[in-house]
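Structural characterization, general
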Amino acid sequence: MNYSDAERVQTVLNDLGYKQTQQESQADLIVVLACSVRQKAVDRIHGRANRWNKVKKKRSLITLLTGCLLKTDRKLFDKSFDHIFPITELKLLPQLLNKNRTKNNKALSSDLDNYFDIKPQYNSKFQAFIPISRGCNKHCSYCAVPLTRGKEVSRPPNDIIKEVRQLIKNGYKEITLVGQNVNSYGWDFQGVAINFPQRKVYYHDKDKRVTASKLTVKNPMNFPQLLNKIENIPGKFWIRFITSHPYDMSDELINVIAQSKKITSHINLPVQSGSDKILQSMNRQYAVKHFKDLITKIRKHIPNAVISTDFIVGFCGETRKDFKDSCQLVKELKFDMAFISQYSTRPGTPAANLKDNVSIKEKRLRDQKLTEILSQGSQENNNKLINTEQTVLFEKCSKGYCDGKTYGLKNIRVKSDKDITGLFATVKVTSATAWSLKGALKKRSSPSKQ
Ligand code: SAM
Ligand code: SF4
């Protein structure tokens, strides 16, 4: 999401006549897109801001801060940045910089709230991140996002489809739809029904969106319907999406992925813990059984599914037994990848009132242990790919090697004299580690299901 926001910030600055530089020492304006998910990222901004403030004593430099910021951090950063602004107010940036007109002498748009309609300056010529919603209504007890990004608001489908169509027309090969919870896309639109018979088995629906007043948009649709629309845009391209909340993953969505030729087989489904007690304390709204049943269903309908997840280790009250349950789940489900985070208290979240009682040393040990178990399952999965042929989209080439990703988002490297960046090719997998594959190029190819 930050990557995509940065592309929109770039557009606004370009329109004001600024040019991008890769050298910090050459910059006379720096914009930081903050991430508040863990304290470490916030600390890094403090370090940089101190350095830039020393530079400001020697030469002119403007520093701006936006992105995900907690109220408490905003106050702390007030003195160390020239301006702090919410990303949703990106259109006011020219005013902050005392420039009311762009370099093309275009007046500022009056629709100030909708920063998504700023056309981003894409950093890649073949891969694009498209935000489909902002904010999150889930309120996981540990998470800063609902506080920093606010309530979930879906972007009108016609805007998304228009942006994708243009990208495909310009030869883009991979479209990644992004949202904190893409599965609930469109539930805030008038006329979109939410149908989840399987939910009642585990939890009551506490989701306030069902009763909240809804937005009126043209052609309202839910996430599977949006995927279908994009699938039907003519062209050779892949569709990826992040992130799915397990509680909101519908059969309709699984079926759409299973039948699609363009939606790739990688699904990131964050579980966070293998213990029901911890899941409840995290307010994740599902039990371990729900998650396991969901994975079984996905693997049944999408046999080539590549499943990654997120875990938090050392959450408040996580005992050795709770952690063992997480290890057991990783062993059993053999994820292809997992983003493992050591719990970090976020001020203002409900979990900040709980005791952060797992020591830093213990969190680190649990992180290492879970990574070790994860790598065994992932190695097993990757070994099964040896001698298979995979379609790969190549992302970069250097010194006779090219790196890309498979349909299922596995990293793969091949030898190649030619620069094949931005192209699809068929690769025969020759060897595998837990986190990457090596292979030999067969021939150029069109995207297809593996
Ligand atoms: N919306 C996605 C979801 O439902 O998981 C991901 C959003 S969150 C920004 C990305 C990941 O950061 C989460 O899945 C979680 O594992 C991790 N995370 C969030 N808050 C955290 C915290 N306070 N401490 C450690 N990890 C955290
Ligand atoms: Fe945070 Fe939970 Fe929303 Fe993901 S679903 S952004 S973890 S509140």
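The structure this text deals with has already been given above.
Notes on the structure in this doc start here. Here the structure is a predicted model, which means the values were calculated and not measured. (Residues numbered from 1 in each chain as written. Chains lettered and ligands numbered in written order. Predicted model: local features only at pLDDT ≥ 70, side-chain atom pairs only at ≥ 80, totals over all residues. Heavy atoms only, no water.)

**Some remarks on the overall build of the protein**
The line we're drawing: Labels follow the DSSP assignment, with helices taken as runs of H or I lasting at least four residues and strands as runs of E lasting at least two, numbered in each case from the N terminus. Computation of the radius of gyration draws on C-alpha atoms alone. For the globule rule, the value is 2.2 Å times the number of residues to the power 0.38. Exposed residues in this analysis have more than 50% of their type's maximum accessible area, buried residues have under 20%, and partly exposed residues fall in between, with area computed by a 1.4 Å probe over protein chains only. Only the protein chains shown count as covering a residue, and every accessible area follows the Shrake-Rupley method with a 1.4 Å probe. Charged-residue counts in this description rest on Lys and Arg as positive and Asp and Glu as negative, His and the chain ends being excluded. Positions of charges follow a simple convention, taking NZ of Lys, CZ of Arg, CG of Asp or CD of Glu.
Helix and strand counts for the protein come out as 12 helices and 16 strands. Since a compact globule built from 450 residues should have a radius of gyration of about 22 Å, the 23 Å found for the protein is in line with a globular shape. Taken along its principal axes, the extent of the C-alpha atoms in the protein is 55 × 55 × 50 Å. When each of the 450 residues of the protein is scored for burial, the buried share is 51%. When the accessible surface of the protein is totalled, it reaches about 22,000 Å², and 51% of it is carbon and sulfur. One way to put it: in the protein the 77 positive side-chain charges average out to a point 3 Å from where the 42 negative ones average out.

**What about the site of ligand 1?**
Where we set the bar: By convention in this text, a residue qualifies as near a molecule or strand provided that one of its non-hydrogen atoms is within 4 Å of it. In protein, a polar contact requires one atom able to donate a hydrogen and another able to accept it; more generally it is a pair of N or O atoms within 3.5 Å, and residues adjacent in sequence count only if both atoms are side-chain atoms. By the convention adopted, Pro, Cys, Tyr, Trp, Phe, Met, Ile, Leu, Val and Ala count as nonpolar, Lys, Arg, Asp and Glu as charged, and the other residues, Gly among them, as polar.
Surrounding ligand 1, one finds 16 residues, the nearest of these being Y142, Q180, Q272, D310 and S344. Within the side chain of R284, an N or O atom sits 3.5 Å from an oxygen atom of ligand 1. Here ligand 1 has 550 Å² of accessible area as a free molecule, and 89% of this is covered by the chains. Mapped onto the shell around ligand 1, the elements with two or more residues apiece are β10 (306–313) and β11 (337–342). Here the shell around ligand 1 is composed, by residue class, of 6 nonpolar, 6 polar and 4 charged.

**Observations regarding the environment of E7**
Topologically, E7 is positioned in helix α1 (residues 2–15). The class of E7 is buried, set by a relative accessible area of 1%. When the C-alpha atoms of E7 and Y122 are compared, they prove to be 5.9 Å apart, with 115 residues separating the residues in sequence. A polar atom in the side chain of E7 sits 2.9 Å from the backbone nitrogen of N123.

**With respect to the side chain of N181**
Threshold: Only heavy atoms enter the contact rule, under which two residues are in contact if any of them lie within 4.5 Å.
Structurally, N181 is set in the loop between β7 (174–178) and α7 (223–231). Residue classification places N181 among the buried positions, given a relative accessible area of 2%. In this view, N181 contacts K138, E152, T243, S244, H245 and D248; residues no more than four positions away in its chain are not counted.

**Considering the sheet that holds strand β1 (residues 29–34)**
Rule in force here: When DSSP finds two or more bridges between a pair of strands, those strands are recorded as paired. For helices, the fitted axis covers only the stretch in contact; all axes are lines through C-alpha atoms, and the angles between them, taken along N-to-C directions, range from 0 to 180 degrees.
The 3 strands lie next to each other as β1-β2-β3, forming an open sheet whose pairing is parallel. The strands lining the two open edges of the sheet, one partner per strand, are β1 and β3 (83–84). As paired elements, β1 and strand β2 (residues 62–67) share 6 bridges and run parallel to each other. Each bridged residue has a counterpart across the sheet, and for I30 the counterpart in β2 is T63. Relative to β1, helix α2 (residues 39–56) is tilted by about 170 degrees, and along the sheet it contacts β1 and β2.

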